[in-house]
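One letter stands for each residue in the lines below.
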Amino acid sequence: MEINNIPSSSIADILDIHPGDVVMVSADVSKLAFYAKKKEGVFDPQKFIESLSKKINPGGTLVIPTYTHLLESGDKFDLNSTRPLTGTLAIEALKNPDFKRTAHPLHSFAVSGKYREEMCNLTNKSSFGPDSPFSFLHQKNAKLLLVDLDLHNSLTFTHYVEENEKVRYRYMKKMHFLYTDISGITAKRNYLLYKKFPWITMDFNPLEKVINPAVIQQQIINGINFRILQLTEVYEIIKADIHKNHAKRIAKYNWSIFLKFIVKSILKKLNLYSSSSDKIRNADIL
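Quick caveat: nothing in here was measured; it's all calculated off a predicted structure. (Residues numbered from 1 in each chain as written. Predicted model: local features only at pLDDT ≥ 70, side-chain atom pairs only at ≥ 80, totals over all residues. Heavy atoms only, no water.)

**Quick word on the overall build of the protein**
Link 1 in the chain: A count of helical and extended segments in the protein gives nine helices and 13 strands.
Link 2 in the chain: Its C-alpha atoms give the protein a radius of gyration of 19 Å, near enough to 19 Å, the size a compact globule of 286 residues would have.
Link 3 in the chain: By principal-axis analysis of the C-alpha atoms, the protein measures approximately 55 × 45 × 35 Å.
Link 4 in the chain: Residues classed as buried in the protein amount to 49% of the 286 residues present. (Helix = DSSP H or I, 4+ residues; strand = E, 2+ residues; numbered from the N terminus. Rg over C-alpha atoms; globule rule 2.2 N^0.38 Å. Buried < 20%, exposed > 50% of the residue type's maximum accessible area, 1.4 Å probe, protein only.)

This is the structure in structure tokens:
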């Protein structure tokens, strides 16, 4: 069913989210903003965020990814000011006093509501470990709200399943950052990342074929695709693919990429190549 002419601040009213829900939002708001500017004259991302918070309160928790996952070992990270790479809602959430940011330098979240303090007090060293926000969201059977995104560009939760189920195409990489905490104190901190081998490519979209339509609640609002998934159900689907299908719907071996990796590594050592993460090192300040 397609619904049109809904103000951006009223979209939450027709989504299947309710008081007490824990909701993680992954969004590309480009089309949402374009439609709102055309019909309403302006798009206010703060009002959109506030409408989601209002719909799930009292007792709800709103979680927005604020990842800086392209940082490399040795880079600087400031919990108060390092700019997220996950779009407009992430940037706006960090400006909102109702939100606080979880602590991990690579995979942090802006959180408001009931579990804000509990999530922001987590001290996980691994991005996707059993004491991470991903695990917390899994345990709380959080809903994942996707706004105009496919699974591949939104299902970072897959990496938590991979680490939990100990896939063989990843390994634990030690990393360190010059970390500035919420109080402004800077020190070297060590972390872990469950990193894939260079010859592995990831594509989560094939999971669409095995996710029962009943698991994904889909609405087309103002021509934009809004989908809601339960993370406990998603976990079981990914787990089954890992153990029964050799993870073929999420990971593939690609030897040509491996060879390119070797060439780039050699050129980098010769100072003849710079990666994208090299170019954005020492993340921008908000």
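**Considerations on the side chain of threonine 102**
Link 1 in the chain: In this fold, threonine 102 is placed in the loop between strand 5 (100–101) and strand 6 (109–113).
Link 2 in the chain: Among the polar contacts listed, one links the side chain of threonine 102 to the backbone nitrogen of phenylalanine 109, at a separation of 2.7 Å.
Link 3 in the chain: Dropping the residues within four chain positions of it, threonine 102 is found in contact with Leu79, His107, Ser108, Phe109, Val111, Met119, Cys120 and Pro133. (Polar contact = N/O pair within 3.5 Å; in protein donor to acceptor, adjacent residues only side chain to side chain. Contact = heavy atoms within 4.5 Å.)

**Some details on the nonpolar core**
Link 1 in the chain: Leu137, Phe157, Tyr169, Leu207, Ile211, Ile238 and Ile250 are the most contacted members of the largest nonpolar core, which totals 51 residues.
Link 2 in the chain: No other element matches helix 7 (residues 231–244), which puts six residues into this core.
Link 3 in the chain: Contact partners of leucine 207, with chain neighbours within four places excluded, come to Leu151, Leu155, Ile237, Ile238, Arg249 and Ile250.
Link 4 in the chain: Of all hydrophobic cores here, the second largest spans 29 residues; its members include Leu15, Ile17, Ala33 and Ile228. (Core = buried A, V, L, I, M, F, W, Y, C linked by side-chain atoms within 4.5 Å.)

**Comments concerning the sheet that holds strand 6**
Link 1 in the chain: One open sheet holds the eight strands; their spatial order is 1-11-12-7-2-3-6-5, and the pairing between them is mixed. Of all strands in the sheet, those with a lone pairing partner are strand 1 (2–3) and strand 5, marking the two edges.
Link 2 in the chain: Sheet topology places strand 2 (residues 22–27) next to strand 3 (residues 61–65); three bridges connect them, and they run parallel. The partner of methionine 24 across the bridge, within strand 3, is valine 63.
Link 3 in the chain: Across the sheet, helix 2 (residues 45–56) is in contact with strand 2, strand 3, strand 6, strand 7 (143–147) and strand 12 (224–230); its angle to strand 3 comes to roughly 145°.
Link 4 in the chain: Its contacts with the sheet place helix 3 (residues 88–95) against strand 2, strand 3, strand 5 and strand 6, and it is angled at close to 125° to strand 3. (Pairing = 2+ DSSP bridges. Axes fitted to C-alpha atoms, helices over the stretch in contact; angles between N-to-C directions.)

**Regarding helix 6 (residues 157–164)**
Link 1 in the chain: Summarising burial for helix 6: seven of the eight residues are buried, a large majority.
Link 2 in the chain: For helix 6, the elements touching its buried residues are helix 5 (133–139), strand 8 (170–180), strand 9 (186–196), strand 10 (200–202) and helix 7.
Link 3 in the chain: Positive phi appears at lysine 166, one or two residues downstream of helix 6, with a value of about 55°.

**A closer look at the packing of aromatic side chains**
Link 1 in the chain: Following the criterion strictly, the structure yields 14 aromatic pairs and no others.
Link 2 in the chain: When the centroid spacing of 5.4 Å and the interplanar angle of 45° are considered together, the rings of phenylalanine 77 and tyrosine 179 count as tilted. Note that phenylalanine 77 is positioned in strand 4 (residues 76–78) and tyrosine 179 in strand 8, a separation of 102 residues in sequence.
Link 3 in the chain: Given the relative accessible area of 1%, tyrosine 179 is considered buried.
Link 4 in the chain: Seen from their ring centres, phenylalanine 109 and phenylalanine 134 are 5.1 Å apart, and the 75° between their planes marks the pair as edge-to-face. Here the residue phenylalanine 109 occupies a position in strand 6, and phenylalanine 134 occupies one in helix 5, the gap between them amounting to 25 residues.
Link 5 in the chain: Among the aromatic residues, those joined into a ring-pair cluster are Tyr67, Phe109, Phe128 and Phe134.
Link 6 in the chain: It is lysine 125 that lies over the ring of tyrosine 191; its NZ or CZ is 4.9 Å from the centre.
Link 7 in the chain: Its end group placed over the ring of tyrosine 179, arginine 189 keeps NZ or CZ at 4.0 Å from the ring centre. (Phe/Tyr/Trp six-rings, centres within 6.5 Å; stacked < 30°, edge-to-face > 60°. Lys NZ or Arg CZ within 6 Å of the ring centre and 35° of its normal.)

**Some thoughts on the environment of lysine 39**
Link 1 in the chain: Note on placement: lysine 39 falls in helix 1 (residues 30–40).
Link 2 in the chain: On a C-alpha basis, the gap between lysine 39 and proline 7 in space is 8.1 Å, while along the polypeptide they are 32 residues apart.

**Some words on the pairing of strand 11 (residues 217–221)**
Link 1 in the chain: Relative to strand 11, strand 1 runs parallel, the two being bridged by two bridges. Looking across to strand 11, one finds that glutamate 2 is bridged to isoleucine 220.
Link 2 in the chain: Linking two consecutive strands that pair antiparallel, namely strand 11 and strand 12, is a turn of two residues; a positive phi of about 55° is found at asparagine 222 within it.

The values are spatial; any link to function lies outside them.
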